[in-house]
Amino acid sequence: MTEIYENAKKGADFIVSKYPENFTTPKVAIICGTGLGGIANILHPDSKVEIPYGEIPGFMKSTVQGHAGKLILGYIGSNKIPVICMVGRFHSYEGYDIKDTVFPVRVFTVLGVSVLIATNAAGGLNQSFSIGDIMVIDDHINIPGLAGLHPLKGHNDERFGTRFQPLSDAYDHDLRFLVYQGAESLEISRSIHEGTYAFVSGPTFETRAECRYLQTIGADVVGMSTVPEIIVARHGGLRTLAMSLVTNVAVIDRPPSGKEKLPEKKMDDGIASHEEVLEAGKAASKDIEQIVKYVVNNL
Ligand code: HPA
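Residues numbered from 1 in each chain as written. Predicted model: local features only at pLDDT ≥ 70, side-chain atom pairs only at ≥ 80, totals over all residues. Heavy atoms only, no water.

**Notes on the pairing of strand 1 (residues 28-32)**
Of all the 5 residues making up strand 1, 5 are buried; the element is thus mostly covered by neighbouring parts of the structure. Burial along strand 1 is two-sided: the face carrying Val28, Ile30 and Cys32 and the face carrying Ala29 and Ile31 are both buried. Sheet topology note: the strand 1/strand 5 (residues 115-124) ladder contains 4 bridges and is parallel. Bridging from a neighbouring strand, alanine 29 pairs with leucine 116 of strand 5. (Buried < 20%, exposed > 50% of the residue type's maximum accessible area, 1.4 Å probe, protein only. Helix = DSSP H or I, 4+ residues; strand = E, 2+ residues; numbered from the N terminus. Pairing = 2+ DSSP bridges.)

**Some points on helix 5 (residues 173-185)**
Between its first and last C-alpha atoms helix 5 spans 18 Å; for 13 residues at 1.5 Å apiece the expected length is 18 Å, and the two agree. Of all the residues in helix 5, the buried ones are Leu175, Arg176, Leu178, Val179, Gly182 and Ala183. Summarising the axial view, the buried residues of helix 5 lie within an arc of 155°, below the 170-degree limit, and thus occupy one face. In helix 5, those exposed residues whose orientation departs by more than 90 degrees from the buried face are His173, Asp174 and Glu184. Measuring from the side-chain oxygen of the N-cap residue of helix 5 to the backbone nitrogen of aspartate 174 gives 3.0 Å; that N-cap residue is aspartate 172. (Expected span 1.5 Å × (residues − 1). Arc of directions from axis to C-beta. Polar contact = N/O pair within 3.5 Å; in protein donor to acceptor, adjacent residues only side chain to side chain.)

**Looking at the packing of aromatic side chains**
Scanning the entire structure with this criterion turns up 8 aromatic pairs. Between phenylalanine 59 and phenylalanine 90 the ring centres are 6.2 Å apart and the planes differ by 75°, which places this aromatic pair in the edge-to-face class. Note that phenylalanine 59 is positioned in the loop between strand 2 (49-52) and strand 3 (70-76) and phenylalanine 90 in the loop between strand 4 (81-87) and helix 2 (98-101), a separation of 31 residues in sequence. Relative accessible area serves as the criterion here: at 10%, phenylalanine 59 is assigned to the buried category. Of the residues examined, phenylalanine 90 reaches a relative accessible area of 3% and is grouped as buried. Here phenylalanine 90 and tyrosine 96 contribute two aromatic rings whose centre-to-centre distance is 5.5 Å and whose plane-to-plane angle is 90°, an arrangement assigned as edge-to-face. An identical accessibility class is assigned to phenylalanine 90 and tyrosine 96; each is buried. An aromatic cluster is defined as three or more aromatic residues linked by ring pairs; in this entry it consists of Tyr53, Phe59, Phe90, Tyr96 and Phe103. The ring of phenylalanine 160 carries arginine 106 above its face, with NZ or CZ at 4.1 Å from the centroid. (Phe/Tyr/Trp six-rings, centres within 6.5 Å; stacked < 30°, edge-to-face > 60°. Lys NZ or Arg CZ within 6 Å of the ring centre and 35° of its normal.)

**Topic: the site of the ligand**
Neighbouring the ligand are 11 residues, the closest being Ala121, Gly123, Phe205, Glu206 and Asn248. Taking alanine 121, its main chain carries an N or O atom lying 3.3 Å from a nitrogen atom of the ligand. One of the side-chain nitrogen or oxygen atoms of glutamate 206 is found 2.7 Å away from a nitrogen atom of the ligand. Protein contacts shield 94% of the accessible area of the ligand, which totals 260 Å² for the unbound molecule. Residue assignment for the shell around the ligand shows that the elements contributing at least two residues are strand 5, strand 8 (221-223) and strand 9 (239-249). When residues of the shell around the ligand are assigned to their parent elements, the largest contribution, 3 residues, is made by strand 5. Residue composition of the shell around the ligand, by class: 6 nonpolar, 4 polar and 1 charged. (Near = heavy atom within 4 Å. Areas by Shrake-Rupley, 256 points an atom, 1.4 Å probe, with all protein chains shown as cover. Nonpolar A, V, L, I, M, F, W, Y, C, P; charged D, E, K, R; others polar.)

**Quick notes on the side chain of serine 225**
Tracing the backbone through its elements, the reader meets serine 225 in the loop between strand 8 and helix 7 (227-235). Serine 225 sits in the buried class, given a relative accessible area of 7%. Beyond its immediate sequence surroundings of up to four residues, serine 225 is in contact with Arg89, His91, Asn120, Tyr197 and Phe199. (Contact = heavy atoms within 4.5 Å.)

Rendered as structure tokens:
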């Protein structure tokens, strides 16, 4: 654990050695969620540099379909803001230690990045949410964290941050305000909610009873990422913004009773699938790309 800073420094030094010509410290790090890798297309096509995760000291390989596993360095918007973009992230369900899943955010912290924007695919629990809606995260419930699986567990390295990191202001108000400003000026018609993200470890999708439980404790969406990254970014002093794309609507009704024959509606109707998640991502990713571009360009 005491070596995280040193390892992150090695990763950061390697990335600096790959900077495009005249590139300065990236101001923003962007994490592209499942099916949202298109966000990388908003970087100026010239002066882009791609670094596969496999080449970066300390990085693991991303194993999930829809995650290519590379960093892209470049500029966004008319103000040419230098950014670093993660296409493909690490999840603890892939078998990684939760501290390893957030190693890239440690590297960004050492690099001097000041804002983290994380995007993800999530299941809607709030009954007013539909597939394709966007939710700006304004709070979270860290289920594994509450149970002891936490990225800041163990020795605290003061070079990153404090032992008892407050999280009541984790989701920066000014950045959320920029999202709404951007959505208005871009005339985005898609619903943009604000709400609470419940982080679960996966890889199974939730049971009906688990969905009802998460709903009861105040979650609006559920997903398997983002929260560890946000925690570690806040620990390192970065400002954070996170957005969920609702790719499926959680099944919350009790299953049909075994006492009666099933009606024509099949029991697997509405069950979350990875294909569904990728499909909704494609359709809505353009809007998310434009919002991210607006936010970055107006920081
Ligand atoms: N549950 C957990 N993670 C998810 C879901 C879901 O329903 N949809 C997309 N990611």
